[in-house]
Amino acid sequence: QKEVEQDPGPLSVPEGAIVSLNCTYSNSAFQYFMWYRQYSRKGPELLMYTYSSGNKEDGRFTAQVDKSSKYISLFIRDSQPSDSATYLCAMSARYGGATNKLIFGTGTLLAVQP
Amino acid sequence: KAGVTQTPRYLIKTRGQQVTLSCSPISGHRSVSWYQQTPGQGLQFLFEYFSETQRNKGNFPGRFSGRQFSNSRSEMNVSTLELGDSALYLCASSLGGQAPEAFFGQGTRLTVV
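Keep in mind that this is a model prediction, so the values were computed, not measured.

**Student:** Whenever I open this one, the state of the cysteines confuses me. Can you help?
**Tutor:** Covalent bonding between the sulfur atoms of two cysteines defines a disulfide. All names here are of chain B. On inspection of all chains with the given rule, the structure shows 2 disulfides over all chains. Two residues, cysteine 23 and cysteine 91, share a disulfide whose sulfurs are 1.7 Å apart. Between cysteine 23 and cysteine 91, the S-S dihedral sits near -50°, and the bridge is therefore left-handed. Placement of the pair is cysteine 23 in strand S3 (residues 19–24) and cysteine 91 in strand S9 (residues 87–94), with a sequence separation of 68 residues. The same class applies to cysteine 23 as to cysteine 91, namely buried.

Pasting the structure below:
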């Protein structure tokens, strides 16, 4: 079993829809949770980062972490064709800040249809 | 502020050869991590360097190695290349302290033939 599970999709939605992307994990030591967006032939771009449980909002993006369920989500409101990309969740267990090692989900391919 | 720069962007090598990839992190960042991305395995952690010292290593064979210089620039080397080493190699730059955010470069696309 992988430490981080993510539905690979593809997920196709019409423009303006609300998109929900999710990851589950098994390692209870994870404390930091990140979402990256990766366009084809590009490196991953950091969208949001959350520490421990709770919600964080940034424009059209909202990240949620539920550590009790080991479940994280990214919501995209008013989705745009430019949001079409692969979305990767990533997690880190920081033991005294000793490492920046990230464990990634496999990524969800999102297509927003105009 | 300049981002993470990886060179070269593309490489084609023959089985058995070795290759060196380079990464220049964001100015002021002291931590550099390397990842391998393949369609089948996704992004997998190779190793991390902080202040010229390797402080974490993933589950890759010893053919994969790296180093970091005093200016935080990093190189990774793969010796005795195999077809399965074909992948996108990504470098991530972090401050290295409590802030966990990692910023990626565009990657080096390595093809082994």
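The discussion continues.
**Student:** What exactly am I supposed to notice about the interface of chain B and chain A here?
**Tutor:** A common way to state how big an interface is: give the accessible area lost once the parts meet. Taken together, the 23 residues of chain B in the interface contact 20 residues of chain A. When chain B packs against chain A, close to 1900 Å² is buried across both sides, 49% of that on carbon and sulfur atoms. In terms of surface lost to chain A, no three residues of chain B exceed Leu43(B), Pro100(B) and Phe104(B), which account for 27% of the buried area on that side. On inspection of chain B and its partner chain A, the count reaches 0 salt bridges. At the surface where chain B touches chain A, the tally comes to 4 residue pairs in polar contact (both at pLDDT 80 or more). Those elements that provide at least two residues to the side of chain B that touches chain A are strand S4 (31–38), strand S5 (42–50), strand S6 (53–57), S9 and strand S10 (103–104) of chain B. By residue class, the composition of the side of chain B that touches chain A is 10 nonpolar, 9 polar and 4 charged.

**Student:** How should I be thinking about unusual backbone geometry in this particular structure?
**Tutor:** Most peptide bonds adopt trans geometry, and most residues besides glycine take a negative phi value. In this model, Gly9(A) is joined to Pro10(A) through a cis peptide bond whose omega is 10°. Structurally, the position occupied by Pro10(A) is in the loop between strand S1 (4–6) and strand S2 (11–14). Here the residue pair Thr7(B) and Pro8(B) is connected by a cis peptide bond, since its omega of -10° sits within 30 degrees of zero. Inspection of the secondary structure puts Pro8(B) in the loop between strand S1 (5–7) and strand S2 (10–13). For Ser72(B), which is not glycine, the phi dihedral falls at a positive 80°. Here Ser72(B) lies in the loop between strand S7 (64–68) and strand S8 (74–78).

**Student:** How do you make sense of the packing of aromatic side chains when you look at a structure like this?
**Tutor:** Working definition: an aromatic ring pair is given by the centre-to-centre distance plus the angle between the planes. Taken as a whole and assessed by the stated rule, the structure comprises 12 aromatic pairs over all chains. When the ring of Tyr36(A) is compared with that of Phe104(A), the centres are 5.7 Å apart and the planes differ by 50°; the resulting orientation is tilted. Placement of the pair is Tyr36(A) in strand S4 (residues 32–38) and Phe104(A) in strand S10 (residues 103–104), with a sequence separation of 68 residues. Like Tyr36(A), the residue Phe104(A) is buried in the burial classification. Following the ring pairs from residue to residue traces out a cluster consisting of Tyr36(A), Phe104(A), Tyr35(B), Phe45(B) and Phe104(B).

Rules and cut-offs
Residues numbered from 1 in each chain as written. Chains lettered and ligands numbered in written order. Predicted model: local features only at pLDDT ≥ 70, side-chain atom pairs only at ≥ 80, totals over all residues. Heavy atoms only, no water. Disulfide = S-S within 2.5 Å. Helix = DSSP H or I, 4+ residues; strand = E, 2+ residues; numbered from the N terminus. Buried < 20%, exposed > 50% of the residue type's maximum accessible area, 1.4 Å probe, protein only. Contact = heavy atoms within 4.5 Å. Buried area = accessible area lost by both parts, 1.4 Å probe. Salt bridge = Lys/Arg side-chain N within 4 Å of Asp/Glu carboxyl O. Polar contact = N/O pair within 3.5 Å; in protein donor to acceptor, adjacent residues only side chain to side chain. Nonpolar A, V, L, I, M, F, W, Y, C, P; charged D, E, K, R; others polar. Phe/Tyr/Trp six-rings, centres within 6.5 Å; stacked < 30°, edge-to-face > 60°.

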